[in-house]
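Secondary and tertiary structure notes
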Amino acid sequence: MQDKILIVDFGSQYTQLIARRIRELNVYSEIIPFNKEPDLTDVKGIILSGSPHSVLDNDAPEVNPAFLADMQYLFEGSKNIAFSIRYQQK
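Examining the overall build of the protein chain
A tally of regular secondary structure across the protein chain gives two helices and three strands. For the protein chain, the sequential pattern of α-helices and β-strands runs β-α-β-β-α. Among the 90 residues that make up the protein chain, the fraction classed as buried is 27%. Taking the intrachain contacts of the protein chain between residues at least 6 apart in sequence as the baseline, contacts between residues at least 24 apart amount to 69%. Counting only carbon and sulfur atoms, one obtains 49% of the accessible surface of the protein chain, whose full area is about 6600 Å².

Right, dumping it as structure tokens:
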């Protein structure tokens, strides 16, 4: 299977554009909704595509904290990626 870039869609109007630009570079990309459990097999990068909501809004979409932990594990030890998670409980 080929490497892929996973785009997690939180409702951004630019998600499809981001995916198209990645595909123009001959890289496979896959868009998934934020509330779907992703398959991280062969994932080489993850893009979190934002939402029109503020993270402080009560109705802002929330990502599963287990997914964030999986992301951190997936890229742990990578020299080319700066990774930081800040998760605020409401």
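A closer look at the nonpolar core
Counting twelve residues, the largest nonpolar core consists of Leu6, Val8, Phe10, Ile32, Leu40, Val43, Ile46, Val63, Phe67, Leu68, Met71 and Phe75. Looking at this core, the elements that each hand over two or more residues are β1 (4–9), β3 (43–49) and α2 (65–75). With four residues, α2 is the largest single contributor of residues to this core.

Let's talk about the environment of Phe34
Structurally, the position occupied by Phe34 is in the loop between β2 (28–33) and β3. Considered as a pair, Phe34 and Val8 are 26 residues apart in the sequence and their alpha carbons are 5.4 Å apart. Excluding residues that lie within four positions of it along the chain, Phe34 makes contacts with Val8, Asp9, Phe10, Pro61 and Glu62.

Procedures and definitions
Residues numbered from 1 in each chain as written. Predicted model: local features only at pLDDT ≥ 70, side-chain atom pairs only at ≥ 80, totals over all residues. Heavy atoms only, no water. Helix = DSSP H or I, 4+ residues; strand = E, 2+ residues; numbered from the N terminus. Buried < 20%, exposed > 50% of the residue type's maximum accessible area, 1.4 Å probe, protein only. Contact = heavy atoms within 4.5 Å. Areas by Shrake-Rupley, 256 points an atom, 1.4 Å probe, with all protein chains shown as cover. Core = buried A, V, L, I, M, F, W, Y, C linked by side-chain atoms within 4.5 Å.

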